[in-house]
Amino acid sequence: MKIIDGKVISQAIKDEVRDKIVKGNIKACLAVILVGSDPASGVYVNNKKKACEYCGIKSLSYELPDSSTEEEVLALIDKLNKDDEVTGILCQLPLPSHINEDKVIDAISPLKDVDGFSKLSVGALSIGAPGFVSCTPAGIIQLLKRSDIAISGKRCVVMGRSNIVGKPMAMLLLRENGTVTVTHSKTENIKEITKEADILVVAVGKPEMVDASYVKDGAVVIDVGIHRLDPEKNNGRKLCGDVKYDEVSKVASAITPVPGGVGPMTIAMLMYNTLEGALRS
Ligand code: NAP
């Protein structure tokens with residue numbers, strides 16, 4: 001059984017981005033908008049800034065108060081869309097409830113939408129046109145490719161159909177010539193479907209829901225879930241995924257751990273997308 005090491009692979013991607021930026025003297029600049037004071041969002045934004053620094057990408061940070069209006073956020077995005085120095089824009093989610101997330105995300109120029117969340121980016125992915133791809137699923141494709149796991153012709157099952165993980169994941173696996181099935185909370189006889197998967201991507205948002213009874217012998221299992229645990233009640237473990245790792249790792253041929261699997265890939269792919277944005281501009 002192979003453990004797919006997201007730390008090593010994400011580091012390699014960040015190093016490649018840094019190399020291209022330094023050698024090509026590329027001016028890349030990521031503008032990050034944070035509205036409100038959600039502590040988890042603050043941590044994510046900080047990690048993104050650190051990764052930018054590592055890769056030689058300039059980062060601009062806009063920290064707006066909770067009381068900001070939708071118009072103010074849209075006006076800032078409009079300004080950043082027109083700013084030639086800025087090659088990537090992202091708005092940290094979730095936004096406060098009085099702001100329409102879809103409206104804000106769709107206001108980001110498709111040329112700078114490095115998160116790949118806007119309707120235009122998602123539409124481009126669906127028809128195979130160039131555009132930014134959502135970082136987590138794009139990172140999963142990199143994990144598979146860089147671990148020499150073939151996708152073409154394989155039976156791929158994606159558990160979960162969210163707009164940021166499940167749906168783009170399915171489109172990307174299809175683009176790689178996988179034969180793809182998507183399951184969700186209304187799927188009947190779900191195990192019959194998941195047990196057919198050569199590659200099983202689990203993004204259900206339910207701690208350790210997927211045990212060995214969902215998995216075919218020798219399948220590749222990608223666990224997208226991240227859940228915090230109380231270390232005192234869990235033998236020192238601070239995080240778990242959507243997959244029961246101890247059980248599933250005994251039947252899988254390859255698996256991503258949590259932490260250290262899919263998680264680190266998301267920021268690495270954000271750096272990759274920001275470089276792409278700079279090259280396109
Ligand atoms: P989400 O929006 O909550 O979507 C969960 C999906 O799972 C939904 O489509 C839901 O079906 C389906 N589902 C729920 N319960 C199910 C069940 N019992 N059987 C089958 N399907 C079920 O979650 P998400 O945003 O895609 O995230 C999924 C997980 O990935 C979360 O743990 C999240 O924290 C993690 N995540 C990690 C990263 C990262 O590593 N960087 C990034 C994003 C998300 P319905 O559509 O029918 O409700």
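Here, the structure is the one placed above.
Anyway, here's the lowdown on the structure attached to this text. Starting afresh in each chain, residues are numbered from 1 along the sequence in its written order. For this predicted model, a pLDDT threshold of at least 70 governs which residues receive local features, and a threshold of 80 or more governs which side-chain atom pairs are given and counted, while totals over whole chains, interfaces and linings are taken from all residues. Note that the side-chain values use all heavy atoms of the structure and ignore hydrogens as well as water.

## Section: the overall build of the chain
Under the convention used in this document: The helix count covers DSSP runs of H or I at least four residues long, the strand count covers runs of E at least two residues long, and both are numbered beginning at the N terminus. Only the C-alpha atoms count toward the radius of gyration. The rule for a globule is 2.2 Å times the residue count to the power 0.38. For every residue, the accessible area (1.4 Å probe, protein chains only) is compared with the maximum for its type, and the residue is labelled buried under 20%, exposed over 50%, or partly exposed between those bounds.
Secondary structure summary: the chain contains 10 helices and 11 strands in total. Computed over its C-alpha atoms, the radius of gyration of the chain comes to 19 Å, within 12% of the 19 Å expected for a compact globule of 281 residues. Its C-alpha atoms put the chain at 50 × 40 × 35 Å along the principal axes. Relative to its full complement of 281 residues, the chain shows a buried share of 47%.

## Points about the layout of surface pockets
Cut-off, in case you're wondering: A pocket, in this scheme, is an open set of points on a 1 Å grid over the protein atoms alone with protein on both sides within 12 Å along at least 5 of 7 lines, while a cavity is a set where a 1.4 Å probe fits but cannot get out; residues line either one if an atom lies within 4 Å of a point. Grid points are joined across faces, edges and corners, and a volume is the space filled by probe spheres set on the points.
Of the pockets and cavities examined, the largest pocket occupies roughly 1500 Å³. Lining the largest pocket we find 49 residues, and of these Tyr 44, Thr 136, Ile 226, Gly 263 and Thr 266 sit closest to its centre. Counting residues per element, the ones that place at least two in the lining of the largest pocket are helix H1 (6-23), helix H2 (39-55), strand S4 (88-91), helix H6 (135-146), strand S9 (227-228) and helix H10 (263-280). Here the lining of the largest pocket gets 8 residues from one element, more than from any other, and that element is H2.

## Describing the pairing of strand S3 (residues 58-64)
Which entries qualify depends on this criterion: Note on pairing: two strands pair once DSSP finds at least 2 bridges between them. The path from the first strand over the helix to the second decides the hand: if it runs clockwise while the strands point away from the viewer, the crossover is right-handed.
In the sheet, strand S2 (residues 29-35) pairs with S3 via 7 bridges, with the strands oriented parallel. Across the sheet, the residue bridging to Leu 30 is Ser 59, located in S3. In this view, the connection linking S2 to its parallel neighbour S3 by way of H2 has right-handed handedness.

## Re the side chain of Thr 194
Heads up, the condition is: Polar contact criterion, stated in full: a pair of N or O atoms within 3.5 Å, where within protein one must be able to donate a hydrogen and the other to accept it, and residues adjacent in sequence count only if both atoms are side-chain atoms. Whether two residues are in contact is decided by their heavy atoms, any of which lying within 4.5 Å being enough.
In this fold, Thr 194 is placed in helix H8 (residues 190-194). Polar contacts involving the side chain of Thr 194 include one to the main-chain carbonyl oxygen of Tyr 214, which spans 2.8 Å. Discounting chain neighbours no more than four positions away, the residues touching Thr 194 are Val 157, Met 159, Leu 200 and Tyr 214.

## Observations regarding the sheet that holds strand S7 (residues 199-202)
Taken in spatial order, the 6 strands line up as S1-S11-S8-S7-S5-S6 in an open sheet, and their pairing is parallel. Because the sheet does not close on itself, it has two edges, and the strands there are strand S1 (2-3) and strand S6 (179-183). Where strand S8 (residues 220-223) and strand S11 (residues 254-255) come together, 2 bridges link them in parallel fashion. Looking at the pairing, Val 221 lines up with Ile 255 of S11.

## Thoughts on the pairing of S4
Note on strand geometry: in a regular strand, side chains alternate between the two faces of the sheet. Side-chain alternation along S4 places Gly 88 and Leu 90 on one buried face and Ile 89 and Cys 91 on a second face that is also buried. Two elements, S2 and S4, share 4 bridges in a ladder whose sense is parallel. Opposite Leu 30, over in S4, you have Gly 88 as the bridge partner.

## Regarding the packing of H1 against H10
Threshold: Think of each axis as a best-fit line through the C-alpha atoms, taken over the contacting stretch in the case of a helix, with angles from 0 to 180 degrees between the N-to-C directions. In what follows, roughly perpendicular refers to angles from 65 to 115 degrees, roughly parallel to angles under 35, roughly antiparallel to angles over 145, and oblique to any angle outside these ranges. What makes a crossing left-handed is the near helix being turned counterclockwise from the far one by less than a right angle; a clockwise turn instead makes it right-handed. Residue polarity follows a fixed list, in which Ala, Val, Leu, Ile, Met, Phe, Trp, Tyr, Cys and Pro are nonpolar, Asp, Glu, Lys and Arg are charged, and the others, Gly among them, are polar.
Where H1 contacts H10, the axes come no closer than 8 Å and their chain directions differ by 15 degrees. Classed by the angle they form, the pair H1 and H10 counts as roughly parallel. For the element pair H1 and H10, the recorded crossing hand is left-handed. Seen from H1, the contacting residues are Gly 6, Lys 7, Ile 9, Ser 10, Ile 13, Lys 14, Val 17, Lys 20 and Ile 21; seen from H10, they are Pro 264, Met 265, Ala 268, Met 269, Met 271, Tyr 272 and Leu 275. Here the residues of the contact of H1 with H10 sort into 11 nonpolar, 2 polar and 3 charged.

## Describing the packing of H6 against helix H7 (residues 166-175)
Two elements in contact, H6 and H7, have axes separated by 9 Å at closest approach and are oriented at 40 degrees. Relative to H7, H6 is oriented oblique. The chirality of how H6 crosses H7 is right-handed. Taking contact as the criterion, the partners of Pro 137, Ala 138, Ile 140, Ile 141 and Leu 144 in H6 are, on H7, Pro 168, Met 169, Leu 172 and Leu 173. When its residues are assigned to classes, the contact of H6 with H7 shows 9 nonpolar, no polar and no charged.

## Quick word on the sheet that holds S4
The 3 strands lie next to each other as S3-S2-S4, forming an open sheet whose pairing is parallel. The strands lining the two open edges of the sheet, one partner per strand, are S3 and S4. The sheet shows a mean angle of 15 degrees between the axes of neighbouring strands, direction not considered. Along the sheet, H2 contacts S2, S3 and S4; its crossing angle with S2, the most-contacted strand, is approximately 170 degrees. Sitting on the sheet, helix H3 (residues 70-82) is in contact with S2, S3 and S4, with an inclination near 180 degrees to S2.

## So, the nonpolar core
Our working definition: Note on terminology: a nonpolar core comprises buried Ala, Val, Leu, Ile, Met, Phe, Trp, Tyr and Cys residues joined through side-chain atoms within 4.5 Å. Residue ranges labeled as domains rest on an automatic or database domain assignment.
Leu 30, Ile 57, Leu 144, Leu 173, Val 201 and Met 271 are the most contacted members of the largest nonpolar core, which totals 51 residues. No fewer than three residues from each of domain 1 (25-112) and domain 2 (135-263) sit in this core. Setting aside residues up to four positions removed in sequence, Leu 30 forms contacts with Cys 52, Ile 57, Lys 58, Ser 59, Leu 60, Gly 88, Ile 89, Leu 90, Val 114, Leu 270, Met 271 and Thr 274. The next biggest cluster of nonpolar side chains, apart from the first, holds 18 residues, and it includes Leu 60, Leu 76, Ile 99 and Val 104.

Take it as geometry only, folks, not as evidence of what the structure does.
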